[in-house]
Amino acid sequence: MTAPAISVTGLTKRFGARTVVDGVTLSVAKGEIMGFLGPNGSGKTTTIRMMCGLLEPDGGEGRVLGHDIRHERRAIKRKVGYMTQRFSFYEDLTIAENLNFVAGLYGMKPARKAVRDTLADLGLTARRDQLAGSLSGGWKQRLALAACIMHKPDLLMLDEPTAGVDPKARREFWDEIHALADGGLTVLVSTHYMDEAERCHRIAYISFGHLIAQGKVPQVVRDAGLTTMIITGPKTAEAARLLKGALGVDQVAPFGATLHVVGTDAELLKKTVEKVARDTGNAAADSETSLEDVFIQLMGESEDTPT
Ligand SMILES: Nc1ncnc2c1ncn2[C@@H]1O[C@H](COP(=O)(O)OP(=O)(O)OP(=O)(O)O)[C@@H](O)[C@H]1O
């Protein structure tokens, strides 16, 4: 078996008196796409920065691409492509000029060939002379990705790469990520989008610096142990009012003309939902629990027990 691309245990980081990453243990196989999820400020970026060799951990240890995360940070940095949340280019330079600049930063020789190959790999050749500032959100992300993979990294760290990008461009971006992973690149990607989480091979969920769930998406959904029911009919708003805070009900959310109701105690939930549906002249039915239901639940639970 080949060594994992990432294998870290007990990763911890403190800023002043605050522990923002607390004992994170994570393993990512070569060629795997690992999704990193969690509320704002939960410690995703900080964890990514420790694993890229950009930030020294206060506790924990591990290896990334075979290098020690404490003592071989330079070697890690060379082999990682890191797309930060606010990736920026020179807006008044063309796509090709921006990539040329990045090739120069990495000391790539011959730069012209590296740029030409990267443009071709990411379908940017036809736009090579377009000014970066005039690109749509989707093409900007593609240019950012091009800049991150030009030096042929073995590991790609993407921090919310598609924030604010439309669904079609996001889908194309993800097709690209999968193509890169098929070629052996390992990808760790943080996101707030459920559809993107579902496109990862595995996901890890972090809350208040703690890793509280990880696995394949169906496994994470199963492990959450939730039951979901839907209510449909003419009076879903009235049903929602009655269900909020009712026995056995943890979440109530309208989705178009239906109401999703989620709880941890299946029996109690069913009893309450069926009664409310009857009383309001609506219909109740069993439904599938979604990943979003699970994340909302995890967020709620961790709010109750902050560390
Ligand atoms: N250099 C720093 N100094 C002090 N506090 C910091 C520093 N970097 C991050 N933090 C704090 O650490 C916590 C975790 O931040 P981090 O950026 O890792 O979270 P995140 O999960 O990536 O959030 P988001 O989804 O909003 O990007 C936040 O409360 C943040 O304010």
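For the structure itself, look to the data block above.
How each quantity is defined
Residues numbered from 1 in each chain as written. Predicted model: local features only at pLDDT ≥ 70, side-chain atom pairs only at ≥ 80, totals over all residues. Helix = DSSP H or I, 4+ residues; strand = E, 2+ residues; numbered from the N terminus. Buried ≥ 20, exposed ≤ 12 C-beta atoms within 10 Å, placed from the backbone. Pairing = 2+ DSSP bridges. Axes fitted to C-alpha atoms, helices over the stretch in contact; angles between N-to-C directions. Contact = placed C-beta atoms within 7 Å. Near = placed C-beta within 6 Å. Nonpolar A, V, L, I, M, F, W, Y, C, P; charged D, E, K, R; others polar.

Engineer: Any chance you could explain the overall build of the protein here in plain terms?
Structural biologist: Regarding its fold elements, the protein presents 11 helices and 14 strands. Projected onto its principal axes, the C-alpha coordinates of the protein cover approximately 75 × 45 × 40 Å. Sorting the 307 residues of the protein into buried and exposed places 37% on the buried side.

Engineer: Where do I start with the sheet that holds strand β11 (residues 227–232) in this structure?
Structural biologist: In a beta sheet, neighbouring strands are held together by backbone hydrogen bonds and run either parallel or antiparallel to one another. The sheet built from four strands is open, its strands ordered β12-β13-β11-β14 with antiparallel pairing. Each edge of the open sheet is held by one strand with a lone partner, namely β12 (251–255) and β14 (283–287). Each adjacent strand pair in this sheet contributes to an overall mean axis angle of 25°, direction not counted. In this structure, β12 lies alongside strand β13 (residues 258–263), joined through five bridges in antiparallel fashion. Paired with Phe255 across the two strands is Thr258, which belongs to β13. On top of the sheet, helix α9 (residues 236–243) reaches β11, β12 and β13; it is set at about 20° to β13, its chief contact. Along the sheet, helix α10 (residues 266–280) contacts β11, β13 and β14; its crossing angle with β11, the most-contacted strand, is approximately 5°.

Engineer: Honestly, helix α1 (residues 44–51) in this entry has me stumped. Any pointers?
Structural biologist: Side chains three or four residues apart in an α-helix point the same way, a direct result of the helix having 3.6 residues per turn. Counting buried residues in α1 gives six out of eight residues, a clear majority hidden from the surface. Within α1, the full set of buried residues consists of Lys44, Thr46, Thr47, Ile48, Met50 and Met51. Phi turns positive, to about 90°, at Gly53, one or two residues after α1.

Engineer: How should the site of the ligand be read in this particular structure?
Structural biologist: Taken together, the neighbourhood of the ligand is formed by Phe15, Val20, Gly38, Asn40, Gly41, Ser42, Gly43, Lys44, Thr45 and Thr46. If one sorts the elements of the shell around the ligand by residue count, α1 sits on top with three residues. Across the shell around the ligand, the residue classes tally to two nonpolar, seven polar and one charged.

Engineer: Would you take a moment to explain the environment of Leu211 for this structure?
Structural biologist: Position of Leu211 relative to the elements: it lies in strand β10 (residues 210–215). For the pair Leu211 and Lys140, spaced 71 residues apart in sequence, the C-alpha separation works out to 31 Å. If we skip the residues at most four places from it in the chain, Leu211 touches Val24, Thr25, Leu26, Ala204 and Ile206.

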